[in-house]
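# Working through the structure, step by step
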Amino acid sequence: MLKGSGIRLGAALLALLFLTAGNSVVHATSVDVQVLGPDGEPVSEVAVFVVAPAAAARMSAVATATMDQIDTCFVPHMLVVQKGTAVEFPNSDVVAHHVYSFSKPNNFVLPLYKGDAHAPITFEHAGVVILGCNIHDGMLGYIVVVDSGVFGITDVAGRVTLELEAGAGDYLVNIWSPRIRDDQESLQKTVSRQSDATLVFGLQKKLRPPHDAQSTAVKWSEY
Amino acid sequence: MVRILIVVALFGAAGVAANAVEIAPGHTTDIGLDVGYIDVSGYPSWTDGSVGKLRYSDDGFVLNRAFVDYRGRWADSLHAHVVLEGYDDDIGSAIDFTQAYLEWRPVPRSATRYRLKLGAFYPRISLENVDASWSSPYAASSSAINTWIAEEIRTFGAELSISRRPATLGGLHAFSADVAAFRGNDPAGALLAWKGW
């Protein structure tokens, strides 16, 4: 199995090389995105992704992604993937998990018992997938499935830079985070891809507090 | 008045669920043995009909408790939990089940979660007694309120727990309502009247 994934990784790297070689001819435009809260403070861990027109979106080179379970937490807390990506749930914990999502139409149930093989979950629909564990009620995670190969997550400075192939036409930049309470319509900006752009999303509404695995994991006696 | 109480937990008693031994895939046991040396002076124990607060009147080594805590996954959404405990104190010795229940945990289809327990169990009430065999990982003995719950509020019946978790939508709080129907229980509060808090 390890050998198989090694070959797959090799193939992906090779594909990446070809893509890079192809891109060296076409100039890429970059878009700098920054997300600021109503207080002007940068907001990290925000998903940023380019949506329609589809032609603007470069295909992602990585066809698999990983949402791990470590110390009864989903790691990463939020994962952004392209539609059609197979997401592995390896379960690095000693204990069993029973992962589910009720977010239609991407809902699924996946028991993660030790020693039992399980296939990755392929998300075929764009949207936010809220993850939970039916054994550990405090576990919470998000998979943001986007109809695009161009996406990223803001850093501690609230910034992320996305690269696009240059060409005619506009593209739409969207942001999403479970902490953001602003209307989703106000979180979309249209940018021409003729030249590099800098976008600042200034949020109007106060953010929800960040997820605290400790506070939601408060355990009532189950013994 | 000198009162010394030395309790030595040999193993298991202070363990957490992760220390449980997996006996088969999906089935774990946690075994605990709690022995102590008692050197007590003061009033004889309430177990002898006196007003002493402690469980023992005589000095020497004692077996506070021994337990086997079993948890099993019988199906994806059906879990079993059985606790067998042994005591030997001034009231007498006993081996008995303190908990034995089945819990059905259907996979949620919305932010509302349902849990159904059937059997003998403690109410989901304590933030302190969260260790194997409903013991406290923070102290050698149960607090007054948990002692009372253990003696009088442990039910034999069914409990339906409904919780709504807006946390999935980014909120901070979760709300939960537990409804239980039970039988064969003393009127809760009688023990408080007899022994005090």
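## Some details on the overall build of chain A
- The helix and strand tally for chain A stands at two helices and 17 strands.
- Counting only residues that meet the buried cut, chain A has 40% of its 223 residues in that class.
- Contacts spanning at least 24 positions in sequence make up 63% of the contacts within chain A whose residues lie at least 6 apart.
- A total of about 11300 Å² of accessible surface is found on chain A, and carbon and sulfur atoms cover 58% of it.

## Description of the confidence of the model for chain B
Residue and element names in this part refer to chain B.
- Looking at chain B, pLDDT values average 79 and 82% of them are 70 or higher.
- Across chain B, the secondary-structure element scoring lowest on mean pLDDT is strand β1 (residues 4-11), at 41, and the one scoring highest is strand β7 (residues 112-121), at 91.
- In this model, residues 1-18 is a region of pLDDT below 50 whose contacts with residues beyond four sequence positions or in other chains number 46 contacts.

## Some details on a negative patch on the surface
- Judged by side-chain charge, B:Asp39, B:Asp48, B:Asp58 and B:Asp59 come together as a negatively charged surface patch.
- Note on placement: B:Asp58 falls in the loop between β3 (27-39) and β4 (60-75).

## Remarks on the sheet that holds strand β11 (residues 127-133) of chain A
Residue and element names in this part refer to chain A.
- A sheet is described by the order of its strands in space; here five strands give the open sequence β6-β12-β11-β8-β9, paired in mixed fashion. If you trace the sheet from one side to the other, it starts and ends with β6 (78-82) and β9 (108-112), each paired once. Taken pair by pair, the neighbouring strands of this sheet meet at an average axis angle of 20°, ignoring direction.
- Pairing of strand β8 (residues 97-101) with β11 involves two bridges; the strand directions are antiparallel. Directly across from Val99, in β11, lies its bridge partner Cys133.

## A short note on the sheet that holds strand β2 (residues 47-51) of chain A
Residues and elements named next belong to chain A.
- Spatially, β13-β2-β15-β16 is the arrangement adopted by the four strands of the open sheet, whose pairing is antiparallel. The sheet is open, and its two borders are formed by β13 (151-153) and β16 (188-192), each paired with just one other strand. The mean inter-strand angle of the sheet, taken between neighbouring strand axes irrespective of direction, is 25°.
- As paired strands, strand β15 (residues 170-176) and β16 are joined by five bridges and run antiparallel to one another. Residue pairing for β16: Val173 is matched across the bridge by Lys189.

## Quick notes on helix α1 (residues 144-153) of chain B
- Burial in α1(B) covers these residues: B:Asn146, B:Trp148, B:Ile149 and B:Glu152. Seen from one end, α1(B) has its buried residues packed into an arc of 155°, which puts them on one side.

## Focus: a nonpolar patch on the surface
All names here are of chain B.
- Nonpolar side chains collect at one region of the surface, where Trp104, Tyr114, Leu116, Leu160, Ile162 and Val179 lie side by side and expose about 540 Å² of accessible area between them.
- Contributing elements (two or more residues each) for the nonpolar patch: β7 and β8 (155-164).
- Its relative accessible area of 33% is what places Leu160 among the partly exposed residues.

## What about the packing of aromatic side chains?
- Under the criterion given, the structure shown has seven aromatic pairs over all chains.
- Ring geometry for A:Tyr100 versus A:Phe102: centroids 6.4 Å apart, planes at 35°, classification tilted.
- Between B:Tyr122 and B:Trp134, the aromatic rings sit 4.0 Å apart at their centres with planes inclined by 15°, giving stacked as the arrangement. Residue B:Tyr122 is located in the loop between β7 and α1, and its partner B:Trp134 is located in the loop between β7 and α1; the two are separated by twelve residues in the primary sequence.
- Each member of the aromatic cluster is reached from another via a ring pair, and the members are A:Phe89, A:Phe108 and A:Phe123.
- Between A:Lys189 and the ring centre of A:Phe201, over which it is positioned, the NZ or CZ distance is 5.1 Å.

## Digging into the pattern of salt bridges
- Scanning the model with the defined rule gives seven salt bridges over all chains in all.
- Close ionic contact of A:Lys83 with A:Asp147 constitutes a salt bridge, the shortest N to O distance being 3.7 Å. Of this pair, A:Lys83 sits in the loop between β6 and β7 (86-88) while A:Asp147 is found in the loop between β12 (140-146) and β13, placing the two residues 64 residues apart along the sequence.
- For A:Lys83, a relative accessible area of 36% puts it in the partly exposed group.
- On the basis of relative accessible area, A:Asp147 is assigned to the partly exposed category, the value being 46%.
- The partner of B:Arg113 in a salt bridge is A:Asp137, with the nearest N and O atoms 3.9 Å apart. Highlighted residues: B:Arg113 in strand β7 and A:Asp137 in the loop between β11 and β12, drawn from two different chains.
- Accessibility expressed as a relative area gives 7% for B:Arg113, which makes it buried.
- Among the residues examined, A:Asp137 registers a relative accessible area of 23% and is labelled partly exposed.
- Counted as one network, the salt bridges with shared partners bring together A:Asp137, B:Glu103, B:Arg105, B:Arg113 and B:Arg115.

What counts as what
Residues numbered from 1 in each chain as written. Chains lettered and ligands numbered in written order. Predicted model: local features only at pLDDT ≥ 70, side-chain atom pairs only at ≥ 80, totals over all residues. Heavy atoms only, no water. Helix = DSSP H or I, 4+ residues; strand = E, 2+ residues; numbered from the N terminus. Buried < 20%, exposed > 50% of the residue type's maximum accessible area, 1.4 Å probe, protein only. Contact = heavy atoms within 4.5 Å. Areas by Shrake-Rupley, 256 points an atom, 1.4 Å probe, with all protein chains shown as cover. pLDDT = per-residue confidence, 0-100. Patch = residues over 30% accessible without salt bridge, like charges linked within 9 Å, V, L, I, M, F, W, Y side chains within 5 Å. Salt bridge = Lys/Arg side-chain N within 4 Å of Asp/Glu carboxyl O. Lys, Arg positive; Asp, Glu negative; His and termini not counted. Charge placed at Lys NZ, Arg CZ, Asp CG, Glu CD. Pairing = 2+ DSSP bridges. Axes fitted to C-alpha atoms, helices over the stretch in contact; angles between N-to-C directions. Arc of directions from axis to C-beta. Phe/Tyr/Trp six-rings, centres within 6.5 Å; stacked < 30°, edge-to-face > 60°. Lys NZ or Arg CZ within 6 Å of the ring centre and 35° of its normal.

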